[in-house]
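Here's the letter readout for the chains.
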There are 2 protein chains.
Amino acid sequence: MSTQEAYLAQVDHAISDAALDTIFRNARTMRHWQDKPVSPTLLMAIYDLMRWGPTETNITPARFHFVVSKEAKARLEPLLDESNRRQTMAAPATAIVGYDLDFASTLPKLAPRAAENLRAMLAKDPEKARYMAMRSTGLQGGYFMVAARALGLDCGPMSGFDPEGVDKEFFAGTQIKSYFLCNLGFGVPDSVRPRAARLGFDEACKIL
Amino acid sequence: MSTQEAYLAQVDHAISDAALDTIFRNARTMRHWQDKPVSPTLLMAIYDLMRWGPTETNITPARFHFVVSKEAKARLEPLLDESNRRQTMAAPATAIVGYDLDFASTLPKLAPRAAENLRAMLAKDPEKARYMAMRSTGLQGGYFMVAARALGLDCGPMSGFDPEGVDKEFFAGTQIKSYFLCNLGFGVPDSVRPRAARLGFDEACKIL
């Protein structure tokens, strides 16, 4: 442990400045990829980290289908907006991040004490189930990209695709619905666009 | 920089194992809080990190109202589910995380090249605007909790509250809608519940 790490751990378990750079300040959306594969072990490592992030009543509704093979990439290509095709075909892996409307079936494992009541409530109110699935999958999508970056990968998240087409092609026979896509790999460092602005604290926050 | 950090940085810019513990593996939802305040500087530091996380077309629709004062806490208390009242009143700060349906008004700053077309599209399709706002605020909610943990804070996210009541009490005169709440502070370490299960890789993921 470095002196800085030891100091931070003593004070309040905060992580190092270099790590904050990696997961937030220096991380950039990538659109150009090195010809360097991403191993299945690394994809599993992303999931193994991000799955610990909190969700409502621990429902963890996010599902991740990693499109890696040429065959699977060819199925995805026509479902992408034109502007996302080249970068996605060049990326070593593309995660289809979906939310499972049937998350209630996992509750006996994930939330045994709440399972029975929650399942009964969700069966009566599919709109509430959909809202819950989307909200927690959003959080898990955030954890997912942070975890990938924490492991040294670059991310290229995308919303420009045909969601109904992706659901039909990749999630047939399930109740999983596609939410966003995320290319994964090792980006070409000098290829990123100039960084877009963000809102200042006073524009996005208030202390009451 | 420690030997481990130097090795990781050389290989692929990954962050240290201790940092992964802090933001994912050892982080737990807290419901009991130490009597130790959270400074405004620390709240600003959370935002200053999490705002760099990616959102669709950089719309960054999440808004954070930090309920800290006794007066503001008293306004929030009756809007909470009974089971969330004690922990929230004891927490040094509670973030109301909302999504701004009027995010289009920030686009000239955030996405100048896309602003005009996107604003015209969103004005015609408020359901699409709502979907976009919720999806990206979910991601930003994930970044928010990781950033708080990375800075040494504990989080206690909650969905048990009256969203319409919170919107009326805290977001009147705006188009911000409450999405979830998150207590922030320094938790009582031995107070956490046994950790709930998570899905295995094969239950939540596929490699195609």
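Our subject is the structure that appears above.
In short, a report on the structure. (Residues numbered from 1 in each chain as written. Chains lettered and ligands numbered in written order. Predicted model: local features only at pLDDT ≥ 70, side-chain atom pairs only at ≥ 80, totals over all residues. Heavy atoms only, no water.)

1. With respect to the interface of chain A and chain B
- At the junction of the two partners, chain A supplies 77 residues and chain B supplies 77 residues.
- Counting each side, the surface lost to burial between chain A and chain B is near 7100 Å², with a carbon and sulfur contribution of 65%.
- Summed over the three residues of chain A that lose the most area to chain B, namely Trp52, Arg198 and Leu208 of chain A, the buried surface amounts to 12% of that side.
- Taken together, the links from chain A to chain B amount to 2 salt bridges. (Contact = heavy atoms within 4.5 Å. Buried area = accessible area lost by both parts, 1.4 Å probe. Salt bridge = Lys/Arg side-chain N within 4 Å of Asp/Glu carboxyl O.)

2. What about the sheet that holds strand 2 (residues 93-100) of chain A?
- A sheet is described by the order of its strands in space; here 5 strands give the open sequence 3(A)-4(A)-2(A)-1(A)-5(B), paired in mixed fashion. A strand with exactly one partner marks an edge of an open sheet, and here the two such strands are strand 3 (154-158) of chain A together with strand 5 (205-207) of chain B. Each adjacent strand pair in this sheet contributes to an overall mean axis angle of 20°, direction not counted.
- As defined by bridge partners, strand 3 of chain A adjoins strand 4 (residues 176-185) of chain A across 5 bridges and the pair is classed as antiparallel. Each bridged residue has a counterpart across the sheet, and for aspartate 154 of chain A the counterpart in strand 4 of chain A is glycine 185 of chain A.
- Each of strand 2, strand 3 and strand 4 of chain A is contacted by helix 5 (residues 82-90) of chain A, which is oriented at about 150° to strand 3 of chain A, the strand it contacts most. (Pairing = 2+ DSSP bridges. Helix = DSSP H or I, 4+ residues; strand = E, 2+ residues; numbered from the N terminus. Axes fitted to C-alpha atoms, helices over the stretch in contact; angles between N-to-C directions.)

3. What about the environment of alanine 204 of chain B?
- Examined against the element boundaries, alanine 204 of chain B turns out to sit in helix 10 (residues 201-204).
- Judged by relative accessible area, which is 3%, alanine 204 of chain B ranks as buried.
- Separated by 187 residues in the primary sequence, alanine 204 of chain B and aspartate 17 of chain B have C-alpha atoms spaced 24 Å apart.
- Not counting chain neighbours up to four residues away, the residues in contact with alanine 204 of chain B comprise Tyr47, Ala62, Arg63 and Phe64 of chain A together with Leu199 of chain B. (Buried < 20%, exposed > 50% of the residue type's maximum accessible area, 1.4 Å probe, protein only.)

4. Some points on the pairing of strand 2 of chain A
Residue and element names in this part refer to chain A.
- Taking burial as the measure, the 8 residues of strand 2 include 8 buried ones, the bulk of the element.
- The alternating pattern of strand 2 places Ala93, Ala95, Val97 and Tyr99 on one face and Thr94, Ile96, Gly98 and Asp100 on the opposite face, and all of these are buried.
- Strand direction decides the pairing type here: strand 1 (residues 62-67) and strand 2, joined by 6 bridges, are antiparallel. Within strand 2, the position partnered with alanine 62 by the bridge is tyrosine 99.
- In this structure, strand 2 lies alongside strand 4, joined through 8 bridges in antiparallel fashion. Paired with tyrosine 99 across the strands is lysine 177, a residue of strand 4.

5. Describing the state of the cysteines
- The tally for this structure, following the rule as stated, stands at 0 disulfides over all chains.
- Cysteine 155 of chain A takes part in no disulfide bond, and the closest cysteine sulfur to it belongs to cysteine 182 of chain A, at a distance of 4.1 Å. (Disulfide = S-S within 2.5 Å.)

6. Overview of empty space enclosed by the protein
- In total, this model carries 1 cavity of 30 Å³ or more according to the counting rule given.
- In terms of lining, the largest cavity is formed by Arg198, Leu199 and Ala204 of chain A together with Tyr47, Arg51, Thr60, Ala62, Arg63 and Gln140 of chain B.
- Of the residues assigned to the lining of the largest cavity, the class counts are 4 nonpolar, 2 polar and 3 charged. (1 Å grid on protein atoms, 1.4 Å probe; cavity = no way out; pocket = protein on both sides within 12 Å on 5 of 7 lines; lining within 4 Å. Points joined across faces, edges and corners; volume = space filled by probe spheres on them. Nonpolar A, V, L, I, M, F, W, Y, C, P; charged D, E, K, R; others polar.)

7. Observations regarding the side chain of arginine 51 of chain A
- As for its placement among the helices and strands, arginine 51 of chain A is situated in the loop between helix 3 (40-50) and strand 1.
- A distance of 2.9 Å separates a polar atom in the side chain of arginine 51 of chain A from a polar atom in the side chain of aspartate 48 of chain A.
- Contacts of arginine 51 of chain A, omitting those with residues within four sequence positions, involve Arg198, Leu199 and Gly200 of chain B. (Polar contact = N/O pair within 3.5 Å; in protein donor to acceptor, adjacent residues only side chain to side chain.)

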